[in-house]
Amino acid sequence: MVSSGTLHVVSTEMTVGAFAMAGAAFLLAGLASHGLAGMRRHLTLADHVAHFALAFGLLAMPMAIVTGIQASPGEGVDHPLLINKMLLASTAFGLAFGVLLTRWRQGTAVWQDAWGRRWQALGGMASVGLILTTASIGGTFSRGESLLDMLHLPYEHVPLMPFWLSGLIIAVASANLVLLRRPAQG
Amino acid sequence: MRRASVFGMMAVLLLASSHGAANPSGVGSGTFDAQCGGACHGDADMNRSSPATVSVEAPSVAYNGLLTSVSVTVADIQTTANGLLGVFLLSDLTGAGDTPADDGWAILSNSEGGTENYVEARISSGQTEHTVSWTLRAPSIGTYNLHAAVHHGTQDGSEAPFFGSTLSPTVVEVVEVPENLPRLAADFAPPTQVTVGEASEIDLQTEFVNSVTVEWRTVGGESKTVVVQPLGDETWSFTLPPSVQPVVLEWRAHLEGDGPSQTTPWFQVNSDDPSWSVDETTAYAQSLAMLLAATSLFVALQHRRTASELKAYEAELDDVGGEA
């Protein structure tokens, strides 16, 4: 019988590995889309790798979350690190989903204009950064140390909003997504 | 030139790993085979011998299915700068399938407040000896070996991990329970955790017992007796006093009946500060809010191209790709 702790390690490595590859590919795509370092001709390749790796990371993420909850000691989310981990993972998931949704709706035209290519590359890399920070919190929780400890991030503090504010943001964000489901009128 | 730079990069990455220390902050308590307590890469060929002396103290005879106490004492301790010492209770030293559970023992508690065979103790500066106790339920009838092992680092973290173990096993013979032996009920599980400032009321289930007395103590302190209330049907109740700070309390029961009188092993109860809590509904709602906010914010940022622009650029990029 494989323990949830072992499964969590496997699923986390799949998630983090995929996201790390996506991060490198988004960097290359950003450079290529700006015509830097002579990489213009590799834009299609970097674009495909970045978005496919990001999509794979998103698919692997739910398994990492479920096994992580099963493997954590105690009941529920009873530690500030676990709450911060959940909030960061959600934000990373949302951002990565937004990046993929934009790419799916607009195709390769996301690399068309200067701000479009900047946001796409930065959005992809930011979601990767958030996932790596989430993984770092996991290391701090389970082993008491992580590579990002040198940054002295305030993992112990939980910035929790009132429930009504979360509800308002959910309503506004959902309405926004519905209104933005079609291309801009020109 | 490109090959040389790739080779150089690989060499730097490979050499960098030798400057890392494996889990200097420990891995926390867990159920681990020998040497796997956070150092699976530190096998016998890579470890150095610990100067610590490790010994196991256990009764020579235990009763099938009843509770017994085993303690491991580590002397001549050397640890890392943060004082972490990993202690294993094991059924053998092969490094695979060697936890007590692999021999049929069930761990109910340990003196560090957990239920695992591997614990990480924090040793104070200047402390040279430390004892960890386990309460176990004995396996089926037979003869069993119990080993103990330790692993740790050095003060400056500069050397290989150290591993030490008992020189010879402690042998425990598990025999059938005598008829009418006063004992705790087979399904009784002593509590292992209480909150600081709260008294802990314990209900004790017994078999073949006419009277019970209970004594408690802090580790190394003088023992005191508490009042035990009979609740009927071989169930008894007593209350351990609240502690004013995190501490390990120990208690044991003296059982009187028609058979020979019995004394249970010392059971450890870890009193700890109240656990951190949060309104989970609020946290989950914020989590969903941040997910949707991040998605919609990014989609809004990129929402500026018309349908005709999107089609035109697809065609243009296809041309660039075709030339490449």
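Residues numbered from 1 in each chain as written. Chains lettered and ligands numbered in written order. Predicted model: local features only at pLDDT ≥ 70, side-chain atom pairs only at ≥ 80, totals over all residues.

**Considering the overall build of chain B**
- When helices and strands are counted, chain B shows 3 helices and 21 strands.
- Taking all 324 residues of chain B together, the buried fraction comes to 36%. (Helix = DSSP H or I, 4+ residues; strand = E, 2+ residues; numbered from the N terminus. Buried ≥ 20, exposed ≤ 12 C-beta atoms within 10 Å, placed from the backbone.)

**Regarding the overall build of chain A**
- Looking only at helices and strands, one finds 5 helices and 0 strands in chain A.
- In chain A, the order of α-helices and β-strands from amino to carboxyl end is α-α-α-α-α.
- Restricting the contact set of chain A to residue pairs at least 6 apart, pairs at least 24 apart contribute 75%. (Contact = placed C-beta atoms within 7 Å.)

**Details of helix 1 (residues 4-33) of chain A**
- Between the first and last C-alpha of helix 1 of chain A there are 42 Å, a value that for 30 residues agrees with the 44 Å anticipated at 1.5 Å per step.
- Where helix 1 of chain A ends, the next residue or the one after it, Gly 35 of chain A, has phi of about 70 degrees, a positive value. (Expected span 1.5 Å × (residues − 1).)

**Points about the sheet that holds strand 12 (residues 183-184) of chain B**
Residue and element names in this part refer to chain B.
- With antiparallel pairing, the 4 strands of this open sheet are ordered in space as 12-14-18-17. The open sheet terminates on both sides in strands that have one partner only, identified here as strand 12 and strand 17 (229-232).
- Where strand 14 (residues 200-207) and strand 18 (residues 235-240) come together, 6 bridges link them in antiparallel fashion. Across the sheet, residue Leu 204 finds its bridge partner in strand 18, namely Trp 236. (Pairing = 2+ DSSP bridges.)

**Concerning unusual backbone geometry**
- Its identity as a non-glycine residue notwithstanding, Asn 180 of chain B has a phi of 65 degrees, on the positive side.
- Of the residues examined, Asn 180 of chain B has 12 C-beta atoms within 10 Å and is grouped as exposed.

**Concerning the nonpolar core**
- Membership of the largest hydrophobic core comes to 56 residues, with the highest contact counts inside it found for Ala 22, Ala 29 and Ala 96 of chain A.
- Elements with a minimum of two residues in this core: helix 1, helix 2 (43-71), helix 3 (80-106) and helix 4 (114-143) of chain A together with helix 2 (280-301) of chain B.
- Residues in contact with Ala 29 of chain A, not counting those within four places in the same chain, are Leu 43, Ala 46, Asp 47, Ala 50 and Ala 121 of chain A.
- Counting residues in each nonpolar core, the second largest holds 34 residues, with Phe 88, Val 132, Val 150 and Val 172 of chain B among its members. (Core = buried A, V, L, I, M, F, W, Y, C linked by C-beta atoms within 7 Å.)

**Regarding the pairing of strand 19 (residues 247-256) of chain B**
Residue and element names in this part refer to chain B.
- By the bridge criterion, 8 bridges tie strand 15 (residues 211-218) to strand 19 in an arrangement that is antiparallel. Each bridged residue has a counterpart across the sheet, and for Glu 215 the counterpart in strand 19 is Arg 252.
- Two elements, strand 19 and strand 21 (residues 267-272), share 5 bridges in a ladder whose sense is antiparallel. The residue bridging Glu 250 from the neighbouring strand is Gln 268, located in strand 21.
- Connecting the antiparallel pair strand 19 and strand 20 (residues 262-263) is a turn made up of 5 residues.

**Focus: the sheet that holds strand 8 (residues 129-137) of chain B**
Residues and elements named next belong to chain B.
- Spatial ordering of the open sheet is given by 2-4-8-6, a layout of 4 strands whose pairing is antiparallel. Two strands lie at the open edges of the sheet, namely strand 2 (53-57) and strand 6 (106-110), each paired on one side alone. Ignoring which end each strand starts from, the neighbouring axes of this sheet average 25 degrees apart.
- Sheet analysis places strand 6 next to strand 8, joined by 4 bridges and oriented antiparallel. Directly across from Ser 109, in strand 8, lies its bridge partner Thr 135. (Axes fitted to C-alpha atoms, helices over the stretch in contact; angles between N-to-C directions.)

**Focus: the packing of helix 3 of chain A against helix 2 of chain B**
- For the pair helix 3 of chain A and helix 2 of chain B, the least separation of the axes is 7 Å and the interaxial angle reads 25 degrees. The orientation of helix 3 of chain A with respect to helix 2 of chain B, classified from their angle, is roughly parallel. The two elements helix 3 of chain A and helix 2 of chain B meet at a crossing, and its hand is right-handed.
- Tallied by class, residues from the contact of helix 3 of chain A with helix 2 of chain B come to 17 nonpolar, 8 polar and no charged. (Parallel < 35°, antiparallel > 145°, perpendicular 65-115°, else oblique. Left-handed = near helix turned anticlockwise from the far one by under 90°. Nonpolar A, V, L, I, M, F, W, Y, C, P; charged D, E, K, R; others polar.)

**Describing the confidence of the model for chain A**
- Across chain A, the average pLDDT comes to 85, with 94% of residues at or above 70.
- Element-level pLDDT for chain A is lowest in helix 4 of chain A, with a mean of 86, against a maximum mean of 93 in helix 5 (residues 163-179) of chain A. (pLDDT = per-residue confidence, 0-100.)

**Points about the confidence of the model for chain B**
- Per-residue confidence for chain B gives a mean pLDDT of 82, with 85% of residues at or over 70.
- Overall fold confidence for the complex sits at a pTM of 0.62, while the interface term, ipTM, reaches 0.89.

**A few points about the packing of helix 5 of chain A against helix 2 of chain B**
- Two elements in contact, helix 5 of chain A and helix 2 of chain B, have axes whose closest approach is 8 Å; the angle formed by their N-to-C orientations is 30 degrees. With respect to helix 2 of chain B, the element helix 5 of chain A is oriented roughly parallel. Two packed elements cross with a definite hand, and for helix 5 of chain A against helix 2 of chain B that hand is left-handed. Contacts between helix 5 of chain A and helix 2 of chain B involve Phe 163, Ser 166, Gly 167, Ile 169, Ile 170, Ala 173, Ser 174, Asn 176 and Leu 177 of chain A from the first element and Thr 281, Thr 282, Ala 285, Gln 286, Leu 288, Ala 289, Leu 292, Ala 293, Thr 295, Ser 296, Val 299 and Ala 300 of chain B from the second.

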